[in-house]
Protein chains: 2
Amino acid sequence: MDCPLAFKKEKLRHLEDGCRQNGLAMTVQRRVVLDALAERTDHPSADQLYDAVRGRLRGISRTTVYRVLETLVGIGVVQKISNPESKARYDANTVRHHHIHCIRCEKIEDMHTPALHLAQQVPIATESGFTIVDYSINFSGICPDCRS
Amino acid sequence: MDCPLAFKKEKLRHLEDGCRQNGLAMTVQRRVVLDALAERTDHPSADQLYDAVRGRLRGISRTTVYRVLETLVGIGVVQKISNPESKARYDANTVRHHHIHCIRCEKIEDMHTPALHLAQQVPIATESGFTIVDYSINFSGICPDCRS
DNA sequence: GTTAATGCAAAGCATTTGCACACGT
DNA sequence: ACGTGTGCAAATGCTTTGCATTAAC
């Protein structure tokens with residue numbers, strides 16, 4: 001498989017390592033959020049994660065889920081992904097990859113097409129004087145479910 | 001200039017044409033929103049547009065600005081652009097181009113680097129079965145203002 | 001035992017909706 | 001005149017914050 005961090009176990013370890021290295025306490029709540037993040041590849045919103053996590057740890061609060069996610073983004077092990085909805089979506093895969101979203105149902109999936117590596121073509125600085133740090137490509141289209 | 005729709009007049013005409021072709025009434029409110037959109041290249045949020053427009057047409061309501069924008073997105077002359085904030089940003093330039101956003105101040109600017117045309121490399125359909133309609137590249141980096 | 005993390009409830013933005021009135025065609 | 005578009009106010013959805021309690025190290 002040419003996609004690092006594609007598997008649950010590896011993602012989970014990456015998340016745990018990040019927490020440990022940043023001195024974050026491993027609470028029950030953090031653990032279930034980490035688990036939920038690691039086993040999904042569908043870029044869930046905070047509320048979707050909250051729903052997933054509530055089944056496993058009764059009583060966990062929505063606030064905690066939001067706070068755990070912000071903490072993980074803060075230490076860099078999770079990314080908030082860009083999308084046209086007005087709602088954050090999270091991605092535990094921090095290896096560079098791209099996304100495609102369905103313009104009908106708003107689903108977002110990963111793209112691993114290797115032809116898309118721009119590394120050599122990307123200017124370090126732009127006409128406008130920006131120093132470029134990273135990039136990602138967002139495709140839009142229609143998913144198989146919505147086409148039928 | 002290799003960038004179509006780069007100029008205010010042309011953008012405005014494109015917006016007006018779209019409205020006419022879709023049978024939309026040209027109200028004073030729509031006119032000022034169209035003007036405001038055409039003369040900006042900074043991908044304003046609905047509220048920024050509302051502020052801009054309020055100066056010219058006292059009494060226009062925030063609701064109307066939101067509604068006009070949604071209508072324009074609906075007929076395809078304006079795009080909601082993807083960004084990691086939880087707030088929509090609008091772009092009256094529907095010619096394919098890319099964006100760079102500053103990770104410090106969240107500013108978003110256009111990129112017209114011609115080397116980035118992926119047309120030939122982009123698969124029509126993905127592993128996941130999506131039919132691709134469009135794409136855009138999002139760069140992130142630090143803008144000149146924030147670097148100093 | 002300290003310090004950091006959680007839960008609750010309330011507040012804060014961004015956005016949408018229902019309904020009565022006004023305006024463009 | 002007709003139907004669409006607007007304004008207002010209230011509702012909704014997503015997210016954040018303050019504060020007292022609880023749990024991790």
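Residues numbered from 1 in each chain as written. Chains lettered and ligands numbered in written order. Predicted model: local features only at pLDDT ≥ 70, side-chain atom pairs only at ≥ 80, totals over all residues. Heavy atoms only, no water.

## Digging into the UniProt feature "binding site: Zn(2+)" (unreviewed entry) in chain A
And step 1. Per the UniProt record, "binding site: Zn(2+)" (unreviewed entry) is annotated on C102(A), C105(A), C143(A) and C146(A). Spatially, the listed residues are clustered: although they cover 45 residues, their C-alpha atoms lie within 8.2 Å of one another.
And step 2. Within the secondary structure, C102(A) sits in strand β3 (residues 98–102).
And step 3. Residue classification places C102(A) among the buried positions, given a relative accessible area of 0%.
And step 4. Ignoring anything within four residues of it in the chain, the contact list for C102(A) reads K107(A), G141(A), I142(A), C143(A), C146(A) and F130(B).
And step 5. Among the structural elements, C105(A) can be located in the loop between β3 and β4 (108–111).
And step 6. Not counting the four nearest positions on each side in its chain, C105(A) is found in contact with C143(A) and C146(A). (UniProt positions renumbered as here; feature names shortened; annotations may be inferred. Helix = DSSP H or I, 4+ residues; strand = E, 2+ residues; numbered from the N terminus. Buried < 20%, exposed > 50% of the residue type's maximum accessible area, 1.4 Å probe, protein only. Contact = heavy atoms within 4.5 Å.)

## Re helix α3 (residues 46–54) of chain B
Structural remark: α-helix, 3.6 residues per turn; residues separated by three or four positions point the same way.
Residues and elements named next belong to chain B.
And step 1. Restricting attention to buried positions, one finds in α3 the residues A46, L49, Y50 and V53. Axial view of α3: buried residues confined to an arc of 105°, hence all on one face.
And step 2. Packing partners of the buried residues in α3 comprise α2 (28–38), α4 (62–75) and β2 (89–91). (Arc of directions from axis to C-beta.)

## Considering the sheet that holds strand β4 (residues 108–111) of chain B
And step 1. Pairing is mixed across the open sheet formed by six strands, whose spatial order is β4(A)-β3(A)-β5(A)-β5(B)-β3(B)-β4(B). Sheet topology places β4 of chain A together with β4 of chain B at the edges, where each strand pairs with a single neighbour. With direction set aside, neighbouring strand axes in the sheet form an average angle of 30°.
And step 2. Summarising the sheet, β3(A) and strand β5 (residues 131–142) of chain A pair through four bridges and their orientation is parallel. If you follow C102(A) over to β5(A), its bridge partner there is G141(A). (Pairing = 2+ DSSP bridges. Axes fitted to C-alpha atoms, helices over the stretch in contact; angles between N-to-C directions.)

## So, the protein's contact with DNA strand C
And step 1. The immediate surroundings of DNA strand C are formed by 25 residues, with T27(A), T64(A), R67(A), Y66(B) and A88(B) found nearest.
And step 2. For DNA strand C, the fraction of atoms within 4 Å of the protein that belong to sugar or phosphate moieties is 70%.
And step 3. At 2.9 Å from a sugar or linking oxygen of DNA strand C is found a side-chain nitrogen or oxygen belonging to Q29(A).
And step 4. Here a base nitrogen of DNA strand C and a side-chain polar atom of R67(A) are 2.8 Å apart.
And step 5. It is α4(B) that contributes the most residues to the surface near DNA strand C, four residues altogether.
And step 6. For the surface near DNA strand C, the per-class residue count stands at nine nonpolar, 10 polar and six charged. (Near = heavy atom within 4 Å. Polar contact = N/O pair within 3.5 Å; in protein donor to acceptor, adjacent residues only side chain to side chain. Nonpolar A, V, L, I, M, F, W, Y, C, P; charged D, E, K, R; others polar.)

## Brief notes about the relation of the copies chain B and chain A
And step 1. Superposing chain B onto chain A takes a rotation of 179° combined with a translation of 0.1 Å along the rotation axis, leaving an RMSD of 0.1 Å. Both copies are brought into coincidence by an operation consistent with a two-fold rotation axis.
And step 2. A symmetric contact is evident, with 100% of the interface residues of chain B recurring at the interface of chain A. (Least-squares fit on C-alpha atoms with pLDDT ≥ 70 in both.)

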